[in-house]
Amino acid sequence: MPEISIIIPILNSASTLNKCLESVRLQTVSDWEAICVYDNSDDNSMEIIQSFVRKDSRFIFVQGRNKLLAGARNDGIKKAKGKYIFFLDSDDSLASNAFERCVKEFQKRNCDIVIFGTDIVPKNPRASNWHYMVLSTPNKFYKQFSTKALFGEDSARPFVWRNAYTKEFLDRCGVLFDETCAVGEDQVFQICTFPHAEKGISFIKDKLYQYTWNRNGSLMCNYDQNLLFKYTGNIKMVNSIFNYWENCNYNKISKKDLVLWALFFLETDLDKLSLIE
């Protein structure tokens, strides 16, 4: 049984997939499995995955259900056998010591979640100040869940690929990605899982992930360019979070904290509403 499982959703990413998978293959620790969840693509992503699977049995091919990122990640979670769970998008890559550094932190803190820093590429054109704010991580440890860890730390959200989890924690809280959310599934997952972190959450400043912020055709770029899709998706996302915690009787998080977050989140970019035709 591998120590680490990394889940990689793959859809039309042939131009970046070799670099992505190679960054996993070159990790400084060897006890891992890479679960490559493939949704039907229009390029040669399938051939690239198969070439890695043939050369290295640690790469595992999983046929996806064409449910986008949420569905692919759920398929990966259900297949994962590792003690620690990572996520990697197929247009991004990892620092060679990503697994080693996070496992060391898990063992040091005996925590449920490790959140790490990110290197943003390309440098030109430059990503927004918001990207640099949320992807720069301090060194900080919360011995148990605190609202501040979720809503007070800029780096806590919204990208799940810079979070590593113990499988025991994910099994214990039983949360999966909401496949009905077309956008924002990362934040739904985070806001529904973090309050269950009884063993704590550790933030480390090490930049262990390389994020490609402006790849043409990426879901993130399409999301930012379609304002109506973005706003309706955000409303669906907030509803999903409140439905989850309503069913849990708000036993680990307060209604007030959620309402304050939701109001702040939904007012973002309101000045652009006039651009919707």
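Look up: the structure comes first, before these words.
Residues numbered from 1 in each chain as written. Predicted model: local features only at pLDDT ≥ 70, side-chain atom pairs only at ≥ 80, totals over all residues. Heavy atoms only, no water.

**Student:** So what's going on with the overall build of the protein chain? Which residues, and what values?
**Tutor:** Helix and strand counts for the protein chain stand at 11 helices and 9 strands. Expected size for 277 residues packed as a compact globule is a radius of gyration near 19 Å; at 18 Å, the protein chain falls within 12% of this value. Its C-alpha atoms give the protein chain principal-axis dimensions of about 50 × 45 × 35 Å. Within the span of the protein chain, comprising 277 residues, buried residues form 54% of the whole. For the protein chain, contacts bridging at least 24 residues in sequence account for 81% of all contacts bridging at least 6. When the accessible surface of the protein chain is split by element, carbon and sulfur atoms take 51% of a total near 13,000 Å². Across the protein chain, the centroid of the 35 positively charged side chains sits 5 Å from that of the 34 negatively charged ones. (Helix = DSSP H or I, 4+ residues; strand = E, 2+ residues; numbered from the N terminus. Rg over C-alpha atoms; globule rule 2.2 N^0.38 Å. Buried < 20%, exposed > 50% of the residue type's maximum accessible area, 1.4 Å probe, protein only. Contact = heavy atoms within 4.5 Å. Areas by Shrake-Rupley, 256 points an atom, 1.4 Å probe, with all protein chains shown as cover. Lys, Arg positive; Asp, Glu negative; His and termini not counted. Charge placed at Lys NZ, Arg CZ, Asp CG, Glu CD.)

**Student:** Let's hear about the environment of Phe229: which residues, and what values?
**Tutor:** Note on placement: Phe229 falls in helix H10 (residues 227-247). In sequence terms Phe229 and His196 are 33 residues apart; their C-alpha atoms lie 31 Å from each other.

**Student:** Tell me what's going on with the packing of H10 against helix H11 (residues 255-266), and back it up with residues and numbers.
**Tutor:** Interhelical geometry of H10 versus H11 gives an angle of 175° and a closest axis separation of 11 Å. Relative to H11, the element H10 is oriented roughly antiparallel. Taking contact as the criterion, the partners of Asn234, Ile235, Met237, Val238, Ile241, Phe242 and Trp245 in H10 are, on H11, Leu258, Val259, Trp261, Ala262, Phe265 and Leu266. Classifying every residue of the contact of H10 with H11 gives 12 nonpolar, 1 polar and no charged. (Axes fitted to C-alpha atoms, helices over the stretch in contact; angles between N-to-C directions. Parallel < 35°, antiparallel > 145°, perpendicular 65-115°, else oblique. Nonpolar A, V, L, I, M, F, W, Y, C, P; charged D, E, K, R; others polar.)

**Student:** So what's going on with the packing of helix H8 (residues 185-193) against H10? Which residues, and what values?
**Tutor:** The contact between H8 and H10 brings their axes to 9 Å, and the two run at 20°. With respect to their mutual orientation, H8 and H10 come out roughly parallel. Helix-helix and strand crossings are classified by hand; for H8 and H10 the assignment is right-handed. Counted together, Gln187, Val188, Ile191 and Cys192 of H8 and Met237, Ser240, Ile241, Tyr244 and Trp245 of H10 form the full contact between these two elements. Of the residues in the contact of H8 with H10, the class split is 7 nonpolar, 2 polar and no charged. (Left-handed = near helix turned anticlockwise from the far one by under 90°.)

**Student:** Break down the environment of Thr212 for me, citing the residues and quoting the values.
**Tutor:** Relative to the elements of secondary structure, Thr212 occurs in strand E9 (residues 201-212). Given a relative accessible area of 22%, Thr212 falls into the partly exposed group. Along the backbone, Thr212 and Gln190 are 22 residues apart, and their C-alpha atoms lie at a distance of 21 Å. Side-chain polar atoms of Thr212 contact the backbone oxygen of Asp91, separated by 2.9 Å. (Polar contact = N/O pair within 3.5 Å; in protein donor to acceptor, adjacent residues only side chain to side chain.)

**Student:** With reference to specific residues and values, describe the pattern of salt bridges.
**Tutor:** Using the criterion set out here, one finds 18 salt bridges in the structure. The partner of Asp186 in a salt bridge is Arg73, with the nearest N and O atoms 2.6 Å apart. Here Asp186, found in helix H8, pairs with Arg73, found in helix H3 (residues 68-79); they are 113 residues apart in sequence, far enough to count as distant. The pair formed by Asp186 and Arg73 is uniform in burial state, with each residue classed as buried. When the shortest N-O distance is used, the salt bridge between Lys140 and Glu153 registers 2.9 Å. Of this pair, Lys140 sits in strand E7 (residues 140-142) while Glu153 sits in the loop between helix H6 (147-152) and strand E8 (163-166), placing them 13 residues apart in sequence. Of the residues examined, Lys140 reaches a relative accessible area of 31% and is grouped as partly exposed. Residues participating in the shared-partner salt-bridge network are Asp112, Glu168, Arg172, Glu198, Lys199 and Lys252. (Salt bridge = Lys/Arg side-chain N within 4 Å of Asp/Glu carboxyl O.)

**Student:** So what about the pairing of E9? Which residues, and what values?
**Tutor:** The sheet contact formed by strand E5 (residues 93-94) and E9 spans 2 bridges and is antiparallel. Bridging from a neighbouring strand, Ser93 pairs with Gln210 of E9. Where strand E6 (residues 113-121) meets E9, 9 bridges bridge the pair, whose relative direction is parallel. Bridge pairing in E9 places Ile113 opposite Ile201. Where E7 meets E9, 3 bridges bridge the pair, whose relative direction is antiparallel. Residue pairing for E9: Tyr142 is matched across the bridge by Ile201. (Pairing = 2+ DSSP bridges.)

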